[in-house]
Amino acid sequence: MRLGETARGLSTLYGTSLLVSFGHGMTFPTIPLIVEHFDVSLFWGAQIITAWSIGALIGTPPAGIIVDKLGARVALLLGPTFVIGGALAVVLSPWFWLVLVAMMFAGMGNSTWMIGREIAGVALVNPDQRGRMMSGFMGTNSAGMALGPALGGVLGDNLDFRAVFLGYMVAGVFVLALSLLAPVKSKEEMPARPRPASAGPKI
């Protein structure tokens, strides 16, 4: 049985939502490993979460502009590209400060992708289904954040923090590929709300 465009689009968006949050959740258990490897304090090690969050904050306004000007597809592709680059930079970094910068880029990518995801989802469903669509997004985010630390802990215990970030990068690659193939409406196909007529004087 072939799925329709809406079902395929939502399935892809839900699946990639799970992967995005799962990849981010994997990074939490790496803090003690990063502290030990780079010989920094626990305070500084915890700043990888702060750096990611600052990146997500910084990336949100440009993400909105990207979606408005270029369409949701561009945001869905640009976001995981930033995540992949950030995760790879952590794997290769010889300096702790570069890890913080890389995590900021990953956070920017996450917020860019999430804005694109929500606009893409809104374009796929009827107005009376948008609440259920958004609850699905929040549910898959929560599931990924709950499951990700388990795999991150296993990889960190048996290998090292680099293996965890390689896993984060692989998740980003899958998200990028799925976002490329997803039936997401282009900017030109997005429904436009008619503007109200000007209330000027009648002639």
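Below is a summary of the structure that appears in this document. Computed from a predicted structure; not experimentally measured. (Residues numbered from 1 in each chain as written. Predicted model: local features only at pLDDT ≥ 70, side-chain atom pairs only at ≥ 80, totals over all residues. Heavy atoms only, no water.)

1. Some details on the pattern of salt bridges
Phase 1: All told, the structure shown has two salt bridges when counted by the stated rule.
Phase 2: Note that Asp160 is salt-bridged to Arg162, the shortest N-O span being 3.6 Å.
Phase 3: On the basis of relative accessibility, which here comes to 30%, the residue Asp160 falls in the partly exposed class.
Phase 4: Accessibility expressed as a relative area gives 26% for Arg162, which makes it partly exposed. (Salt bridge = Lys/Arg side-chain N within 4 Å of Asp/Glu carboxyl O. Buried < 20%, exposed > 50% of the residue type's maximum accessible area, 1.4 Å probe, protein only.)

2. Things to note about the nonpolar core
Phase 1: Counting residues in each nonpolar core, the largest one holds 23 residues, and the members touching the most others are Ile48, Met103 and Phe165.
Phase 2: Elements represented by at least two residues in this core include exactly helix 2 (31-38), helix 3 (42-70), helix 4 (72-92), helix 5 (96-124) and helix 7 (161-181).
Phase 3: The biggest single contributor to this core is helix 5, with six residues.
Phase 4: Among residues more than four places away in sequence, those in contact with Ile48 are Thr27, Thr30, Ile31, Ile34, Phe96, Val99, Leu100 and Met103.
Phase 5: Counting 14 residues, the second largest nonpolar core, distinct from the first, contains Leu10, Trp113, Met133 and Phe137. (Core = buried A, V, L, I, M, F, W, Y, C linked by side-chain atoms within 4.5 Å. Helix = DSSP H or I, 4+ residues; strand = E, 2+ residues; numbered from the N terminus. Contact = heavy atoms within 4.5 Å.)

3. Things to note about empty space enclosed by the protein
Phase 1: A complete count under the given rule lists one cavity of 30 Å³ or more for this structure.
Phase 2: Approximately 80 Å³ is the volume found for the largest cavity.
Phase 3: Surrounding the largest cavity, Leu19, Val20, Gly23, Pro80, Val83, Gly109, Asn110, Trp113, Tyr168, Ala171, Gly172 and Val175 form its lining.
Phase 4: Mapped by element, the contributors of at least two residues to the lining of the largest cavity are helix 1 (5-26), helix 4, helix 5 and helix 7.
Phase 5: Broken down by element, the lining of the largest cavity gets its largest block of residues, four residues, from helix 7.
Phase 6: Here the lining of the largest cavity is built from residues that sort into eight nonpolar, four polar and no charged. (1 Å grid on protein atoms, 1.4 Å probe; cavity = no way out; pocket = protein on both sides within 12 Å on 5 of 7 lines; lining within 4 Å. Points joined across faces, edges and corners; volume = space filled by probe spheres on them. Nonpolar A, V, L, I, M, F, W, Y, C, P; charged D, E, K, R; others polar.)

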